[in-house]
Amino acid sequence: MPIKPAHRLAMLPPYLFADLDRKRKEAMARGVDVIDLGIGDPDRPTPAAVVEAMVEAVRDPATHRYPSYDGMPAFRRAAADFMKRRFGVALDPDTQICALIGSKEGIAHAPLALINPEDPVLYPSPGYPVYRVATIFAGGTPIPMPLRAENDWLPDFAAIPKSAASRATLMYLNYPNNPTGATADLAFFARAVAFAREHNHVLLHDAAYSEIGFDGYRAPSILQTPGALDLAAEFHSLSKTANMTGWRIGFVAGCADIVRAIGKVKTNIDSGAFEAVQRAAITALNLPDAVYREINETYRERRDVAIAGLRKAGIDAQPPRATFYVWFPAPGGDSAKFAQDLLERTGVVVTPGVGFGPEGEGYARIALCRERARLEEAMARIARA
Ligand SMILES: Cc1ncc(COP(=O)(O)O)c(C=O)c1O
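Just so you know, these numbers come straight off a predicted model, no measurement behind them.

> Which parts of the structure should I look at to understand the pairing of strand E8 (residues 250-254)?
Remember that side chains alternate between the two faces of the sheet whenever the strand is regular. Taken across its five residues, E8 has five buried, putting it largely inside the fold. With four bridges connecting them, strand E2 (residues 97-100) and E8 associate as antiparallel partners. The residue bridging alanine 99 from the neighbouring strand is phenylalanine 251, located in E8. Both strand E7 (residues 232-237) and E8 contribute to a ladder of five bridges, which runs antiparallel. Opposite phenylalanine 235, over in E8, you have valine 252 as the bridge partner.

> Would you take a moment to explain the nonpolar core for this structure?
It is characteristic of soluble globular proteins that their nonpolar side chains tend to be buried jointly. Counting residues in hydrophobic clusters, the biggest one holds 63 residues, and the most contacted among them are Phe75, Ile160, Met171, Leu203, Leu238, Ile249 and Phe251. Two domains share this core, each providing at least three of its residues, namely domain 1 (7-45 + 290-384) and domain 2 (48-285). Not counting residues up to four positions away in its chain, the partners in contact with methionine 171 are Leu122, Met145, Phe157, Ile160, Phe195, His201, Val202, Leu203 and Leu204. Judged by nonpolar contacts, the second largest core, of 33 residues, contains Phe214, Ala330, Phe338 and Leu342.

> Explain the sheet that holds E8 to me, please; I cannot follow it from the model alone.
Strand pairs in the sheet, formed through backbone hydrogen bonds, run parallel or antiparallel to each other. What the seven strands build is an open sheet, ordered E2-E8-E7-E6-E5-E3-E4; its pairing is mixed. Two strands lie at the open edges of the sheet, namely E2 and strand E4 (141-146), each paired on one side alone. Between one strand axis and the next, the sheet turns by 20° as a mean value, whatever way the strands run. Lying on the sheet, helix H5 (residues 103-114) is in contact with E2, strand E5 (170-174), strand E6 (202-206), E7 and E8; it crosses E7 at an angle near 155°.

> Hey, could you run me through the packing of helix H11 (residues 289-312) against helix H13 (residues 372-384) in this one?
When two helices pack together, their arrangement is given by the angle between the helix axes and the distance between those axes. It is at 9 Å that the axes of H11 and H13 come closest, and there the two elements cross at 10°. With respect to H13, the element H11 is oriented roughly parallel. Facing Glu301, Arg302, Val305, Ala306, Gly309 and Leu310 of H11, the residues of H13 in contact are Arg372, Leu375, Glu376 and Met379. The class makeup of the residues in the contact of H11 with H13 is five nonpolar, one polar and four charged.

> Explain the packing of aromatic side chains here, please?
Applying the stated criterion across every chain yields a total of 17 aromatic pairs. The interplanar angle of 90° and the centroid separation of 5.5 Å between the aromatic rings of tyrosine 209 and phenylalanine 324 together place this pair among those described as edge-to-face. Of this pair, tyrosine 209 sits in the loop between E6 and E7 while phenylalanine 324 sits in the loop between H11 and strand E9 (325-329), and the two are 115 residues apart along the sequence. The class of phenylalanine 324 is buried, set by a relative accessible area of 0%. Where phenylalanine 324 meets tyrosine 325, the ring centres are 5.0 Å apart and the plane angle is 75°; that geometry is what we call edge-to-face. Across this residue pair, the class does not change: phenylalanine 324 and tyrosine 325 are buried.

> Please clarify how the sheet that holds E9 should be interpreted in this entry.
One open sheet holds the three strands; their spatial order is E9-E12-E11, and the pairing between them is antiparallel. In the strand order of this sheet, the two ends are held by E9 and strand E11 (351-352), each with one partner. Across two bridges, E11 lies against strand E12 (residues 363-367) in antiparallel orientation. If you follow threonine 351 over to E12, its bridge partner there is arginine 365. With respect to the sheet, H11 is in contact with E9 and E12, its orientation differing from that of E9 by roughly 15°.

> I tried to follow the side chain of threonine 63 on my own but got confused; where do I start?
Along the chain, threonine 63 turns up in the loop between helix H3 (48-59) and helix H4 (73-87). A polar side-chain atom of threonine 63 sits 3.0 Å from the main-chain carbonyl oxygen of alanine 57. Separated by 2.8 Å, the side chain of threonine 63 and the backbone oxygen of aspartate 60 make a polar contact. Other than its neighbours up to four places away in sequence, threonine 63 contacts Ala57, Val58, Phe274, Glu275, Ala276 and Arg279.

> When you look at the site of the ligand in this model, what are you seeing that I'm missing?
Close to the ligand lie 15 residues, the nearest being Asp206, Ser237, Ser239, Lys240 and Arg248. Within the contact set of the ligand, an oxygen atom lies 2.7 Å away from a side-chain nitrogen or oxygen of lysine 240. When the ligand sits alone it has 400 Å² of accessible area, and the protein chains cover 93% of it. Per-element accounting of the shell around the ligand gives the leading share, three residues, to H5. In the shell around the ligand, the residues fall into five nonpolar, six polar and four charged.

Procedures and definitions
- Along every chain, residues carry numbers that run from 1 in the direction the sequence is written.
- Local features in a predicted model are, by the rule used here, given only for residues with pLDDT of at least 70; side-chain atom pairs are given and counted only at 80 or more, and totals for whole chains, interfaces and linings are based on all residues.
- Excluded from the side-chain calculations are hydrogens and water; all other atoms, namely the structure's heavy atoms, are used.
- When a residue's accessible area, from a 1.4 Å probe over protein chains only, is under 20% of the maximum for its type it is buried; when over 50% it is exposed; and in between it is partly exposed.
- A run of DSSP states H or I qualifies as a helix once it reaches four residues; a run of E qualifies as a strand once it reaches two. Both are numbered from the N-terminal end.
- For two strands to be treated as a pair, DSSP must find no fewer than two bridges joining them.
- What we call a nonpolar core is a set of buried Ala, Val, Leu, Ile, Met, Phe, Trp, Tyr and Cys residues that are connected through their side-chain atoms within 4.5 Å.
- Segmentation into domains, and thus their bounds, comes from an automatic or database assignment.
- By the convention used here, residues are in contact when the closest approach between their heavy atoms is within 4.5 Å.
- To obtain an axis, a line is fitted to C-alpha atoms, over the contacting stretch when the element is a helix, and the angle between two such axes runs from 0 to 180 degrees between their N-to-C directions.
- In these notes the angle categories are as follows: under 35 degrees is roughly parallel, over 145 is roughly antiparallel, 65 to 115 is roughly perpendicular, and the rest is oblique.
- By the convention adopted, Pro, Cys, Tyr, Trp, Phe, Met, Ile, Leu, Val and Ala count as nonpolar, Lys, Arg, Asp and Glu as charged, and the other residues, Gly among them, as polar.
- Ring geometry is summarised as follows: Phe, Tyr and Trp rings, the Trp one being its six-membered ring, pair when their centres sit within 6.5 Å, and such pairs are stacked at plane angles under 30 degrees, edge-to-face over 60 and tilted between the two.
- Whenever a nitrogen or oxygen atom comes within 3.5 Å of another N or O atom, the pair is scored as a polar contact, on the condition that within protein one atom can donate a hydrogen and the other can accept it, and that pairs from neighbouring residues in sequence are kept only if both atoms are in side chains.
- Residues are labelled near a given molecule or strand when at least one of their non-hydrogen atoms is within 4 Å of it.
- Only the protein chains shown count as cover for residues, and the accessible areas themselves come from Shrake-Rupley with a 1.4 Å probe.

Below, the structure is given as structure tokens:
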């Protein structure tokens, strides 16, 4: 008897990166020297001090048992200290922080904790695909908030249909933004908090790229906004900022009711993050600023190589102030066709903007997760093509 997957799986768009990966593998099988600028996965190793902390932690049998669901007290304390030191936000580690198995886990579980079937959920498009998928899994109705160049890639709250705004139970935001590299300031966050209060919905801010900034830019936290702790929570991750994508560790911080609700879902689905990873993450949260500065300097250099290369190819690319993404107009306008042609003609993989939602059509994204020499080679090929 053929197994029929649940209807909700049929409602999902094809997972963008899986599709891209298949095309990349096909090209490699044909012997093409592929340069993959598609997926945002840091190529540099995790800082040595974090690896050392992990080795030590994993030797301690105390870490081998089930972890606590919401994270070790020492991890939650380190996360709270980070929020205080970095953003000036004071949080109670016992009620306003919960450890996550990567921020994706919390982002994906949040609608199960916070919405009811058919509730509208507002999410940015183009955007990280998980906001929409998680909404669908929880039976909600995803409502895109278009991000447009003329609004500096910020959603226009006034353009949200009144009926959706008044019935929405949740809004996702993400700055520094994937895929556009855009940033938001505290004035924008204040508008978002005011809108959420007016319409009585929860605000979830994805700050996975908070530590990656250039030219002196440092991203703010939405939790710095007065009143945010009543209705907002923020997702943080060590994946992108400390080269730890494989370790699966992050946290959610903010409004105690939101943190508790997400924790309740987790209690019933997973059993928390490996304690050895949490101990290593404490080291990561306390790394000297110089380590993060060096990571950022690497991306800044690569960003400048990418921008110069794209401009040389006649593409009007703007340098982002944050994230390791460069978002640029796809020549010809059809981003999937552009990405496919580019792969065929140059062996360079970029991500078509349409993969981040229909509102991303007309653009493409480069991830700066390759060594400078490879990036230069990719840019030279693009210029030739
Ligand atoms: C915007 C955004 N949020 C969250 C994540 C998830 O990161 P992690 O689960 O590794 O913390 C990603 C990863 O690509 C992302 O781009």
